[in-house]
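Below, each chain spelled out in residue letters.
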Amino acid sequence: MYRLSRLRYVFPLGLLAAFFLDGSLSKLCADLFFKYPYAMSSQLVMLWLVFTYFFKEDIDVPLMGAAVIVGILADVYYAGILGLFMFLYPAVIMMTRSLGKLLDRTFLSMILIFFIDLTVFEALNYFAYSAIGIIHVDFGDFLVYNLAPTLALNLIYFVVLYWPIGRLFRWSLSGRR
Amino acid sequence: MHRFISNRRLVILVVILVVCFGLMAGSVALRNRRNTPPLIQQFGNDVVGFADGVVAYPANGLQHGMDSVSELMNTYQENRELKQQVSQLAQTQVRDQTLAKENRQLKQELKLNHSLTDYSTVTASVLSRTPSTWQQQLIINKGQTSGVKKNMPVLSGSGLVGRVSEVNKTNSKVELLSDTGESANRFAIHIDGASGKSVNGVITGYNSSTNLLEVGQVSSKAKISKGEKVVTSGMGGITPKGLYVGRVARVGKDDYGLAQKIYITPATNFNEINIVTVAELDSEE
């Protein structure tokens, strides 16, 4: 039960921490993240959501609602443009769910699913912003200068955080009745 | 039955898409038109900004500490160089004070209260940065209550870095000069050319691969040499005159070979901004 496990504190706190760390890391490591002409976006929020889906075992975590809320926060606080992330984060959850049913739970299949999530997420972000005229970037440039570095950064997050976050989830699930 | 479900899904998808793009287009339009976002959005921003402090201040403190350690390494060298500069600076400062005083007296004689060079400043620290590859945006910890208004120019280090793009009660967003978006920065600039002629222009873009600002469509024939200082011209009435932007990196022709195009090396590294100064033109009120 979600209400009885430690997850009911750990999940929302982790989500908020991930959300704020995205912004703080982008500021602190700006020289690394936005080294011309490359640009990476830190997506710890998505990482946390995907990890939660993989590690929650049989517990019903309100992932959808959390994704919508954190999406609205990202829209309002970081972008200042409403209506993108509040749909993209839930879309990521849906995609992870449907892919998660097809593949088994090994490290490699998880990282594959996260890779696909990230690619779709960044591509949809690119198309949406192009459509409303915020950016004018060639698709090729997007692939080389934006998508590739973003994938690299977030896959490094995945590999580095896989074990600690796995431990955290095991700890938060161990206390349940 | 199966058909019905897939149809319903399609309808839901279309509705979501419409809502999504409607919201985005609406908020972009609102953002360009209004001085402040709707109240509910402001409120959300203020609450989130407050919570962000819990993460941002320790993180910034950590960075500060690490910077201090690395700065300690080359303190000796720096100290020697700085000592030489200090003696010059004192002279400049005294002269600056005298000139400012004289300027004030002359303005009084002319019954001129505020000119384009008079501005007051609000200092703010940077909370975080938009984690997106598309928007070069900082979030600073001062807002309406401290007198920040939309479109005010923002300075950091030695020069101009961007302009305020959204103002909430206690925090605001700053769009950096390196943002290439549609509504991005259009600062009017001024360069002194050779033989008394000068060039006025508008910053039209930013080249991310070379890290240079571009001033397009300069029709003036004045000769501009490399390394010349670029300052804001104060035209447009929001930006004060004389804010340092950077130095001329090179001068080229535009795509059609008709007008000049000037490339500027920005004065500040846009990726190392911790404290910003928001400038407010005094004559606005």
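Higher on the page you've got the structure.
Reference entry: report on the structure contained in this document.

## Observations concerning the interface of chain A and chain B
Right, so step 1: Residue-level contacts link 46 residues of chain A with 50 residues of chain B.
Right, so step 2: Summed over both partners, the interface of chain A with chain B buries about 4,100 Å², with 65% contributed by carbon and sulfur atoms.
Right, so step 3: Interface area lost by chain A to chain B is led by Lys-27, Tyr-36 and Tyr-77 of chain A, which between them contribute 21%.
Right, so step 4: Joining chain A to chain B, the criterion identifies 15 residue pairs in polar contact (both at pLDDT 80 or more).
Right, so step 5: In terms of residues, the side of chain A that touches chain B owes the most to one element, helix H1 (residues 7–28) of chain A, which gives nine residues.
Right, so step 6: Of the residues in the side of chain A that touches chain B, the class split is 29 nonpolar, 13 polar and four charged.

## Observations regarding the packing of aromatic side chains
Right, so step 1: Summed over the entire model, instances satisfying the criterion amount to 26 aromatic pairs over all chains.
Right, so step 2: With 5.8 Å between their ring centres and 50 degrees between their planes, Phe-107 of chain A and Phe-158 of chain A make a pair best called tilted. Within this pair, whereas Phe-107 of chain A is found in helix H6 (residues 107–131), its partner Phe-158 of chain A is found in helix H7 (residues 139–174), the two being separated by 51 residues in sequence.
Right, so step 3: Of the residues examined, Phe-158 of chain A reaches a relative accessible area of 0% and is grouped as buried.
Right, so step 4: When the ring of Tyr-206 of chain B is compared with that of Phe-270 of chain B, the centres are 6.2 Å apart and the planes differ by 70 degrees; the resulting orientation is edge-to-face. Here Tyr-206 of chain B is found in strand E7 (residues 198–207), whereas its partner Phe-270 of chain B is found in the loop between strand E11 (260–266) and strand E12 (275–281), with 64 residues between them in sequence. Note on accessibility: Tyr-206 of chain B and Phe-270 of chain B belong to one class, buried.
Right, so step 5: Here the aromatic residues Trp-48, Phe-51, Phe-55, Phe-107, Phe-114, Phe-158, Tyr-162 and Phe-169 of chain A are joined through ring pairs into a cluster of three or more.
Right, so step 6: Above the face of the Phe-34 of chain A ring, Arg-129 of chain B is positioned so that its terminal group lies 3.9 Å from the ring centre.
Right, so step 7: One residue, Arg-163 of chain B, lies across the ring of Phe-187 of chain B, its end atom 4.3 Å from the ring centre.

## A few points about the nonpolar core
Right, so step 1: In this structure, Phe-11, Phe-19, Leu-49, Phe-85, Tyr-89 and Tyr-129 of chain A are the most contacted members of the largest nonpolar core, which totals 72 residues.
Right, so step 2: Ignoring sequence-local partners within four residues, the contact set of Tyr-89 of chain A consists of Gln-43, Val-45, Met-46, Leu-49, Ala-67, Val-70, Gly-71, Ala-74 and Phe-121 of chain A.
Right, so step 3: In this structure, Val-126, Ile-140, Leu-176 and Val-276 of chain B belong to the second largest nonpolar core, which totals 38 residues.

## Considerations on unusual backbone geometry
Right, so step 1: You will see that Glu-57 of chain A, though not glycine, has its phi angle at about 55 degrees, which is positive.
Right, so step 2: With respect to the element layout, Glu-57 of chain A can be found in the loop between helix H3 (44–55) and helix H4 (63–79).

## Quick look at the pairing of strand E6 (residues 188–192) of chain B
Residue and element names in this part refer to chain B.
Right, so step 1: Strand direction decides the pairing type here: E6 and E7, joined by five bridges, are antiparallel. Bridge pairing in E7 places Asp-192 opposite Ser-198.
Right, so step 2: The loop that links E6 with its antiparallel partner E7 comprises five residues; one of these, Ser-195, has a positive phi angle of about 50 degrees.
Right, so step 3: Direction of pairing for E6 relative to strand E9 (residues 229–232): antiparallel, over a ladder of three bridges.

## Some thoughts on the sheet that holds strand E3 (residues 153–156) of chain B
Right, so step 1: With antiparallel pairing, the six strands of this closed barrel are ordered in space as E1-E2-E5-E4-E3-E12 (chain B). The mean angle between the axes of side-by-side strands here comes to 45 degrees, regardless of whether they run parallel or antiparallel.

Reading guide: rules and limits
- Residues numbered from 1 in each chain as written.
- Chains lettered and ligands numbered in written order.
- Predicted model: local features only at pLDDT ≥ 70, side-chain atom pairs only at ≥ 80, totals over all residues.
- Heavy atoms only, no water.
- Contact = heavy atoms within 4.5 Å.
- Buried area = accessible area lost by both parts, 1.4 Å probe.
- Polar contact = N/O pair within 3.5 Å; in protein donor to acceptor, adjacent residues only side chain to side chain.
- Helix = DSSP H or I, 4+ residues; strand = E, 2+ residues; numbered from the N terminus.
- Nonpolar A, V, L, I, M, F, W, Y, C, P; charged D, E, K, R; others polar.
- Phe/Tyr/Trp six-rings, centres within 6.5 Å; stacked < 30°, edge-to-face > 60°.
- Buried < 20%, exposed > 50% of the residue type's maximum accessible area, 1.4 Å probe, protein only.
- Lys NZ or Arg CZ within 6 Å of the ring centre and 35° of its normal.
- Core = buried A, V, L, I, M, F, W, Y, C linked by side-chain atoms within 4.5 Å.
- Pairing = 2+ DSSP bridges.
- Axes fitted to C-alpha atoms, helices over the stretch in contact; angles between N-to-C directions.

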